[in-house]
Amino acid sequence: MPHHILIMLAAGIGIPVLAALNAALGRHIGSPAVAATVLFVVAFSVAAVTALLTNPAAVSKLPATPKHLFLGGTLVAFYVLSITWIAPTMGVGNAVFFVLLGQLISAAAIDHFGLFSAQTSPLTLTRAAGIALMAAGVFVTQKV
């Protein structure tokens, strides 16, 4: 379990780095959409090689109906395109704060209702207070 925590911490560290790098690329080339496309090509290539090296048999088990794959891919595209467009005007920190707030709200709803076959974890008063505290933190950062 500790290695899972470290991996997720590294992923969290990577989100604002990704936002800053892609926003800078979008500004440099004059197109956030092209910057996002470059990111997707590189990300797809790395993910495909990783999949083939670690579990090539799983590739053949992809579902015939790709609605979940389409939804997931659309959400990734929405995130990358939105952060690439908005971070240069709002700032990476502010943009990521709102992303984090959205993640907390969405994660709480998914866990509470067991959506998408997730393990159920009820939204307690403590969890709700934590989300409210994060929202207050976002508000304070916007007023500074």
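Residues numbered from 1 in each chain as written. Predicted model: local features only at pLDDT ≥ 70, side-chain atom pairs only at ≥ 80, totals over all residues. Heavy atoms only, no water.

### Thoughts on the overall build of the protein chain
Piece 1. The secondary structure content of the protein chain amounts to six helices and zero strands.
Piece 2. Counted from the first residue to the last, the protein chain has its helices and strands arranged as α-α-α-α-α-α.
Piece 3. Projected onto the principal axes, the alpha-carbon positions of the protein chain cover approximately 45 × 45 × 30 Å.
Piece 4. Put simply, the protein chain has 144 residues, and 14% of those count as buried.
Piece 5. A separation of at least 24 residues holds for 55% of the contacts in the protein chain among residues at least 6 apart in sequence. (Helix = DSSP H or I, 4+ residues; strand = E, 2+ residues; numbered from the N terminus. Buried < 20%, exposed > 50% of the residue type's maximum accessible area, 1.4 Å probe, protein only. Contact = heavy atoms within 4.5 Å.)

### Describing the environment of Pro88
Piece 1. One can find Pro88 in helix H4 (residues 67–90).
Piece 2. Assessed through its relative accessible area of 33%, Pro88 is described here as partly exposed.
Piece 3. When neighbours within four sequence positions are excluded, Pro88 is seen to be in contact with Ala23, Arg27 and Ile83.

### Quick notes on the layout of surface pockets
Piece 1. For the largest pocket, the calculated volume is near 380 Å³.
Piece 2. A total of eight residues in the lining of the largest pocket trace back to one element, the largest contributor, which is H4.
Piece 3. In terms of residue class, the lining of the largest pocket is made up of 11 nonpolar, four polar and no charged.
Piece 4. If you add up the space inside the second largest pocket, you get close to 200 Å³.
Piece 5. Lining the second largest pocket are Met8, Ala11, Gly12, Ile15, Pro16, Val96, Leu100 and Gln103.
Piece 6. Among the elements of the structure, helix H1 (2–29) and helix H5 (92–113) are those that each provide at least two residues to the lining of the second largest pocket.
Piece 7. Residues of the lining of the second largest pocket, tallied by class, amount to six nonpolar, two polar and no charged. (1 Å grid on protein atoms, 1.4 Å probe; cavity = no way out; pocket = protein on both sides within 12 Å on 5 of 7 lines; lining within 4 Å. Points joined across faces, edges and corners; volume = space filled by probe spheres on them. Nonpolar A, V, L, I, M, F, W, Y, C, P; charged D, E, K, R; others polar.)

### Describing the packing of H4 against H5
Piece 1. Axis separation between H4 and H5 bottoms out at 7 Å; the angle between their running directions is 140 degrees. The orientation of H4 with respect to H5, classified from their angle, is oblique. Facing Tyr79, Ile83, Ala87 and Met90 of H4, the residues of H5 in contact are Val92, Asn94, Ala95, Val96, Phe98 and Val99.
Piece 2. For the contact of H4 with H5, the per-class residue count stands at nine nonpolar, one polar and no charged. (Axes fitted to C-alpha atoms, helices over the stretch in contact; angles between N-to-C directions. Parallel < 35°, antiparallel > 145°, perpendicular 65-115°, else oblique.)

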